Amino acid sequence: MKSKMLTVCLLGLLLTGCSKVPAMGNGLSFRTQMCELAQLRDAGVMTEKEYYTSKRRIFSTMVH
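First, a word on what this report is: a plain description of the structure on this page. Just so it is clear, the model here is predicted, and its values are computed rather than measured.

Any aromatic ring pair is given by two values, namely how distant the centres are and how the planes are angled relative to each other. Overall, the coordinates contain two aromatic pairs when judged by the stated rule. Considering the side-chain rings of Phe-30 and Phe-59, the 5.2 Å spacing of their centres and the 50° angle between planes classify their relative orientation as tilted. One end of the pair, Phe-30, is in helix α2 (residues 30-42); the other, Phe-59, is in helix α3 (residues 48-63), with 29 residues separating them in the sequence. Its relative accessible area of 34% is what places Phe-30 among the partly exposed residues.

Next up, the structure:
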């Protein structure tokens, strides 16, 4: 349980820190973030609810 919570916390930090513009050479691309997110969901590291919440955060970050 602690391991899963730590993973989710680290994922949250990763996702909130990925708001940099990929074209400038720093940050992860939108596609990379979405692929990593799907892999975490498929591996059972995060729930569907956590997945969709994180997905919305990524979309919101990329739009702004």
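We are not done yet, so read on.
In terms of nonpolar packing, the biggest core is built from five residues, these being Met-34, Leu-37, Met-46, Tyr-51 and Ile-58. Only α2 and α3 provide two or more residues apiece to this core. Not counting the four nearest positions on each side in its chain, Tyr-51 is found in contact with Met-34, Leu-37, Ala-38, Arg-41 and Met-46.

Cut-offs and rules
Residues numbered from 1 in each chain as written. Predicted model: local features only at pLDDT ≥ 70, side-chain atom pairs only at ≥ 80, totals over all residues. Heavy atoms only, no water. Phe/Tyr/Trp six-rings, centres within 6.5 Å; stacked < 30°, edge-to-face > 60°. Helix = DSSP H or I, 4+ residues; strand = E, 2+ residues; numbered from the N terminus. Buried < 20%, exposed > 50% of the residue type's maximum accessible area, 1.4 Å probe, protein only. Core = buried A, V, L, I, M, F, W, Y, C linked by side-chain atoms within 4.5 Å. Contact = heavy atoms within 4.5 Å.

Shape is all these values report; function is a separate question.
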